[in-house]
Amino acid sequence: MTALIVGASGLVGRQLLHLLLVDDFYQSVTSVGRKQLDINHPKLKQEIVDFNNPDLSKIYADHIFCTLGTTIKKAGSQENFKKVDYQYPFETAKAGLNNGSELFAIVTAMGSDPKSMFFYNRVKGEVELSLKELNYDHLGIFRPSMLLGDRQESRLGEQIGQWVMKAIGFLIPANFKAIEAKKVANAMLKYAKSPKKGLSEISSGQML
């Protein structure tokens, strides 16, 4: 089996890439991104791609994992945010399907809803809706609550939220508890190794 991951430099992506490389289930792993990752492994192939003008022939593997995600602050505008969280994942999934991929797994967010009044949740819901229309053999949608882990960039509001969630975690229902990025990555790999036919929607509580 072969795997391809988009977004391997992110919080969940870094954890997932490590799992894909050390697990014997996959013979080779391709990381697609805008920059070279500072990692070497005999199973790893890196493809540098301009997502605004991608070479879609490079988007191929038996299983594709998408852990792309940003914030409006980092993206600079709602338009740029939607490129990263909607356009790039959807185009990756579409290219993979056209090139013969059978499984697509993506991290969205708890509260994803194409009709949400909140822009962030609405975009996450819109990409889910579009992915469902592609009719993959196996589509896994992972909706984590607040992610825990060390990010490469500082997000003060998120850091405060993580502290609060940890402090009162015992009061919070499972689906709303903060979750370690590694647990999300583990859930994605477990799903991919034994996927059910059609759509699988995995909540944060299930990942915990």
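Structural data are supplied above this passage.
Trainee: Explanation requested: the environment of G100 in the structure shown.
Mentor: With respect to the element layout, G100 can be found in the loop between α3 (78-98) and β5 (103-107). Sequence-wise, G100 and A61 are 39 residues apart; in three dimensions their C-alpha atoms are separated by 7.6 Å.

Trainee: Just checking my understanding: could you explain the sheet that holds β5 for this structure?
Mentor: Pairing between sheet strands relies on hydrogen bonds along the backbone, with the strands arranged either parallel or antiparallel. Sheet architecture is open: 7 strands sit in the order β3-β2-β1-β4-β5-β6-β9, paired in parallel fashion. Looking at the sheet topology across the chains shown, the edges are occupied by β3 (44-48) and β9 (198-203). Taken over all neighbouring pairs, the strand axes of this sheet differ in orientation by 15 degrees on average, direction set aside. Of the strand pairs in this sheet, β5 and strand β6 (residues 138-143) are connected by 5 bridges, and their pairing is parallel. When the bridges of β6 are listed, A105 appears paired with G140. Together, β1 (2-6), β2 (28-33), β3, β4 (63-66) and β5 form the strand contacts of helix α1 (residues 11-22), whose direction differs from that of β1 by roughly 165 degrees. The strands touched by α3 are β1, β4 and β5; relative to β5, the strand with the most contacts, the crossing angle is about 170 degrees.

Trainee: How do you make sense of α3 when you look at a structure like this?
Mentor: Residues separated by three or four positions in an α-helix point in the same direction, a consequence of the helix having 3.6 residues per turn. Taking 1.5 Å as the rise per residue, α3 with 21 residues should run 30 Å; its terminal C-alpha atoms sit 29 Å apart, in good agreement. Largest kink in α3: about 35 degrees, centred on V84. Among all positions of α3, only F81, V84, D85, Y88, P89, F90, T92, A93, A95 and G96 are buried. In this structure, the buried side of α3 is in contact with β1, β4, α2 (72-75), β5 and α4 (119-132).

Trainee: How should the pattern of salt bridges be read in this particular structure?
Mentor: When their charged atoms lie close together, side chains carrying opposite charge are able to pair. What the rule picks out here adds up to 9 salt bridges. One network of salt bridges, in which partners are shared, links E128, K132, R143 and E201.

Trainee: It is not clear to me how the side chain of R143 should be interpreted in this structure. Could you clarify?
Mentor: One can find R143 in strand β6. Of note is the side chain of R143, whose polar atom sits 2.7 Å from the side chain of E201. In this view, R143 contacts T108, A109, M110, S112, E128, K132, E201, I202, S203, S204 and M207; residues no more than four positions away in its chain are not counted.

Trainee: I tried to follow the environment of M207 on my own but got confused; where do I start?
Mentor: In this fold, M207 is placed in helix α7 (residues 204-207). Through-space distance from the C-alpha of M207 to that of R143 is 8.9 Å; in sequence the pair is 64 residues apart. If we skip the residues at most four places from it in the chain, M207 touches F142, R143, P144, I179, K183, V184, A187 and I202.

What counts and what doesn't
- Residues numbered from 1 in each chain as written.
- Predicted model: local features only at pLDDT ≥ 70, side-chain atom pairs only at ≥ 80, totals over all residues.
- Heavy atoms only, no water.
- Helix = DSSP H or I, 4+ residues; strand = E, 2+ residues; numbered from the N terminus.
- Pairing = 2+ DSSP bridges.
- Axes fitted to C-alpha atoms, helices over the stretch in contact; angles between N-to-C directions.
- Contact = heavy atoms within 4.5 Å.
- Expected span 1.5 Å × (residues − 1).
- Bend = angle between axes of the 7 residues up to and from the residue.
- Buried < 20%, exposed > 50% of the residue type's maximum accessible area, 1.4 Å probe, protein only.
- Salt bridge = Lys/Arg side-chain N within 4 Å of Asp/Glu carboxyl O.
- Polar contact = N/O pair within 3.5 Å; in protein donor to acceptor, adjacent residues only side chain to side chain.

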